[in-house]
Amino acid sequence: DAGVTQSPTHLIKTRGQQVTLRCSPKSGHDTVSWYQQALGQGPQFIFQYYEEEERQRGNFPDRFSGHQFPNYSSELNVNALLLGDSALYLCASSGTRQGDGYTFGSGTRLTVV
Amino acid sequence: EDKVVQSPLSLVVHEGDTVTLNCSYEVTNFRSLLWYKQEKKAPTFLFMLTSSGIEKKSGRLSSILDKKELFSILNITATQTGDSAIYLCAVVTSGTYKYIFGTGTRLKVLA
């Protein structure tokens, strides 16, 4: 039973560039959430996708956008990268059963230079 | 503003010691509290707590929630070097889907 898969694992981008991160949820899960974890901080909620729609959004600017595909996989896009966007980006999937919480992927480490 | 605070921020102990990690919260419409262990990148689920006073236990780890005093503790007995990690506490509120995380407690267990 595959867990949550994220790609790429590491990425280095230049300020002003755009980046796309990808996530495949755990088998049987239909909901994908994205979190940003800066060094020494807890994860911060970016948004959640369910049924191909953004269901809830955190306090992130419009430069952060996403998409969910019919197979439940998801992408996170960040435009006009800033140095402060450097972080670990975590994807978490969940299903209708509430008792187990999210299953997290290993994340994408984004470095903006 | 909803807030989750963990303490201590970091902790160094020796193998065999018992540790208690704290998580306090101030949120509107509390629904549940979760504990995660983050060793390298992916946080792994430990416990979900929704009811006060009911201890959840898994091996050497246990956790309990106090909804009156708005906190939870995570206990680890007979610590091992493999327990070295960041322990994250998160709260979910009703009517929302996001987890509100604390900054975590970094635990280091020395052999």
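Residues numbered from 1 in each chain as written. Chains lettered and ligands numbered in written order. Predicted model: local features only at pLDDT ≥ 70, side-chain atom pairs only at ≥ 80, totals over all residues. Heavy atoms only, no water.

Caption draft 1: Inspection of the overall build of chain B at higher detail. Helix and strand counts for chain B come out as zero helices and 11 strands. Helices (α) and strands (β) of chain B occur, in sequence order from the N terminus, as β-β-β-β-β-β-β-β-β-β-β. Taken over C-alpha atoms, the radius of gyration comes to 13 Å for chain B, in line with the 13 Å a tight globule of 111 residues would show. Along the first, second and third principal axes, the C-alpha set of chain B runs to 45 × 30 × 20 Å. (Helix = DSSP H or I, 4+ residues; strand = E, 2+ residues; numbered from the N terminus. Rg over C-alpha atoms; globule rule 2.2 N^0.38 Å.)

Caption draft 2: Spotlight on the interface of chain A and chain B. Between chain A and chain B, the contact holds 24 residues from the first and 17 residues from the second. Counting the surface lost from both chain A and chain B, the interface buries some 1700 Å², and carbon and sulfur atoms represent 56% of this. Among the residues of chain A in contact with chain B, Gln56, Tyr102 and Phe104 of chain A are the three that bury the most area, contributing 28% of the side total. Here chain A is connected to chain B by seven residue pairs in polar contact (both at pLDDT 80 or more). Classifying every residue of the side of chain A that touches chain B gives seven nonpolar, 14 polar and three charged. (Contact = heavy atoms within 4.5 Å. Buried area = accessible area lost by both parts, 1.4 Å probe. Polar contact = N/O pair within 3.5 Å; in protein donor to acceptor, adjacent residues only side chain to side chain. Nonpolar A, V, L, I, M, F, W, Y, C, P; charged D, E, K, R; others polar.)

Caption draft 3: Spotlight on unusual backbone geometry. Residues and elements named next belong to chain A. A cis amide bond links Ser7 with the next residue in sequence, Pro8, at an omega value of -10°. Considering the arrangement of structural elements, one finds Pro8 in the loop between β1 (5-7) and β2 (10-13). The phi angle at Ala80 is positive, at roughly 45°, despite the residue not being glycine. If you trace the backbone, Ala80 turns up in the loop between β8 (74-78) and β9 (87-94). Note on Ala80: relative accessible area 38%, which makes it partly exposed. (Buried < 20%, exposed > 50% of the residue type's maximum accessible area, 1.4 Å probe, protein only.)

Caption draft 4: Representation of the state of the cysteines within the structure. As enumerated under the stated definition, the model contains two disulfides over all chains in all. Here Cys23 of chain A pairs with Cys91 of chain A through a disulfide, and the sulfurs are 1.8 Å apart. Taking the torsion about the sulfur-sulfur bond, which here is approximately -60°, the covalent link between Cys23 of chain A and Cys91 of chain A counts as left-handed. In this pair, Cys23 of chain A is assigned in strand β3 (residues 19-24) and Cys91 of chain A in strand β9, connecting sequence segments 68 residues apart. Across this residue pair, the class does not change: Cys23 of chain A and Cys91 of chain A are buried. A disulfide bridge connects Cys23 of chain B with Cys89 of chain B, and the sulfur atoms are separated by 1.9 Å. Between Cys23 of chain B and Cys89 of chain B, the S-S torsion sits near -65°, and that sign places the bridge as left-handed. (Disulfide = S-S within 2.5 Å.)

Caption draft 5: Layout of the sheet that holds β1 of chain A. Residue and element names in this part refer to chain A. Read across the open sheet, the four strands follow the order β1-β3-β8-β7; overall the sheet is antiparallel. Each edge of the open sheet carries a strand with a single partner, namely β1 and β7 (64-68). Taken pair by pair, the neighbouring strands of this sheet meet at an average axis angle of 15°, ignoring direction. (Pairing = 2+ DSSP bridges. Axes fitted to C-alpha atoms, helices over the stretch in contact; angles between N-to-C directions.)

Caption draft 6: Structural view of the sheet that holds strand β6 (residues 56-58) of chain B. Residues and elements named next belong to chain B. Reading across from one edge, β1-β3-β8-β7-β6 is the order of the five strands in this open sheet, with antiparallel pairing throughout. Edge positions in the open sheet fall to β1 (3-7) and β6, since each of these has one partner strand only. Across the sheet, the mean angle from the axis of one strand to that of its neighbour is 15°, orientation sign disregarded. Taken together, the three bridges between β6 and strand β7 (residues 61-66) define a ladder with antiparallel strand orientation. Paired with Lys57 across the two strands is Ser62, which belongs to β7.

Caption draft 7: Spotlight on the pattern of salt bridges. As enumerated under the stated definition, the model contains five salt bridges over all chains in all. Between Arg22 of chain A and Glu75 of chain A there is a salt bridge, with its nearest N and O atoms 3.4 Å apart. Within this pair, whereas Arg22 of chain A is found in strand β3, its partner Glu75 of chain A is found in strand β8, the two being separated by 53 residues in sequence. Exposure remark for Arg22 of chain A: the relative accessible area of 42% places this residue in the partly exposed category. A relative accessible area of 18% places Glu75 of chain A in the buried class. Lys37 of chain B serves as the salt-bridge partner of Glu39 of chain B, at 3.9 Å between the closest nitrogen and oxygen. (Salt bridge = Lys/Arg side-chain N within 4 Å of Asp/Glu carboxyl O.)

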